[in-house]
Amino acid sequence: MSSYKLEKEEKLLQEMMVKYGKNSVDTQLILTNKHIVFEQEKGLFKKKYRVIDKISFEDIKVYNDDDVQVKQDNRQITIQSAKGNVSFLCNNHLDAMKIKEKIVNAKTGKNAYERAEIKLKNWQKKTFIGFLVSVGAKAAWEHREKIFDAAKTLFIKRK
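Here the structure is a predicted model, which means the values were calculated and not measured.

Participant: Just checking my understanding: could you explain the nonpolar core for this structure?
Facilitator: Within soluble globular proteins, side chains that are nonpolar tend to cluster in buried spots. Counting residues in each nonpolar core, the largest one holds 21 residues, and the members touching the most others are Ile36, Phe38, Ile60, Phe88 and Ile103. Looking at this core, the elements with two or more residues in it are β1 (12-20), β2 (25-32), β3 (35-42), β8 (76-81), β9 (84-89) and α1 (93-108). Here the element with the most residues in this core is α1; it accounts for four residues.

What follows is the structure, given as structure tokens:
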């Protein structure tokens, strides 16, 4: 049973067992909308879960305003935070995908569909601008003689 007490306005998103730490010890991962909490069972006679690490979502790094620095490599999740990198192993690839997606959703406030829609709109803008530049470049090349003649008349001093 978890010993972590949710803060005011903090909601539980996911709980699962993972392998965490130098010795890959069984650890309870508690994912909320504000923190990622790692708890391990401690105690000589009476075993209780105790918080051993806690990462605030404010500390998770973001690149270019939308690329949350959470990487997945098969079962391993690595989070870049202000305090350094944190890695843990999930039981399987599917659990790792779920946790990664929930972390990114909580950090950005957007689900995968909304993030993909924003990326598509940005790509469309860049593509349209590239199209306009290429059309302009093609037109300039096709009419280069007229453009050079016009430039000559503007810049050549008349006597």
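Participant: How should I be thinking about the side chain of serine 56 in this particular structure?
Facilitator: For serine 56, the position within the fold is in strand β4 (residues 48-56). Judged by its relative accessible area of 18%, serine 56 falls in the buried class. With residues near it in sequence (within four places) discarded, serine 56 still touches Lys34 and His35.

Participant: How do you make sense of the pairing of β4 when you look at a structure like this?
Facilitator: A regular strand carries its side chains on alternate faces of the sheet. Bridge count for β3 against β4 is eight bridges, and the pairing is antiparallel. When the bridges of β4 are listed, glutamate 39 appears paired with valine 51. Count of turn residues in the β3/β4 antiparallel hairpin: five residues, of which glycine 43 carries a positive phi of about 125°.

Participant: Would you take a moment to explain the sheet that holds strand β7 (residues 70-73) for this structure?
Facilitator: Two modes of strand pairing occur in sheets, parallel and antiparallel, and in both the strands are linked by backbone hydrogen bonds. Strand order across the open sheet formed by seven strands is β4-β3-β2-β1-β9-β8-β7, with antiparallel pairing between neighbours. If you trace the sheet from one side to the other, it starts and ends with β4 and β7, each paired once. With direction set aside, neighbouring strand axes in the sheet form an average angle of 35°. As judged from the eight bridges shared by β1 and β2, these two strands associate in the antiparallel manner. Paired with methionine 16 across the two strands is leucine 29, which belongs to β2. In the packing of α1 onto the sheet, contacts are made with β1, β2, β3, β7, β8 and β9, and the angle to β7 comes to roughly 170°.

Participant: How do you make sense of the packing of aromatic side chains when you look at a structure like this?
Facilitator: Each aromatic ring pair is specified by the distance between its two centres and by the angle formed by the two planes. Using the criterion set out here, one finds two aromatic pairs in the structure. Residues tyrosine 20 and phenylalanine 38 carry aromatic rings whose centres are separated by 4.1 Å and whose planes lie at 10° to one another, so their mutual orientation is stacked. Residue tyrosine 20 is found in strand β1, and its partner phenylalanine 38 is found in strand β3; the two are separated by 18 residues along the sequence. Overall, the relative accessible area of 0% leaves phenylalanine 38 in the buried class. Following the ring pairs from residue to residue traces out a cluster consisting of Tyr20, Phe38 and Phe88.

Participant: Just checking my understanding: could you explain the pairing of β2 for this structure?
Facilitator: The element β2 is largely enclosed, with a buried count of six among its eight residues. The hairpin turn running from β1 into β2, its antiparallel successor, is four residues long, and glycine 21 in that turn takes a positive phi close to 95°. The sheet contact formed by β2 and β3 spans four bridges and is antiparallel. Opposite isoleucine 30, over in β3, you have valine 37 as the bridge partner. Between the end of β2 and the start of β3, which pair antiparallel, lie two residues.

About the cut-offs
- Residues numbered from 1 in each chain as written.
- Predicted model: local features only at pLDDT ≥ 70, side-chain atom pairs only at ≥ 80, totals over all residues.
- Heavy atoms only, no water.
- Core = buried A, V, L, I, M, F, W, Y, C linked by side-chain atoms within 4.5 Å.
- Buried < 20%, exposed > 50% of the residue type's maximum accessible area, 1.4 Å probe, protein only.
- Helix = DSSP H or I, 4+ residues; strand = E, 2+ residues; numbered from the N terminus.
- Contact = heavy atoms within 4.5 Å.
- Pairing = 2+ DSSP bridges.
- Axes fitted to C-alpha atoms, helices over the stretch in contact; angles between N-to-C directions.
- Phe/Tyr/Trp six-rings, centres within 6.5 Å; stacked < 30°, edge-to-face > 60°.

Fair warning: the whole summary comes from geometry, so function is off the table for now.
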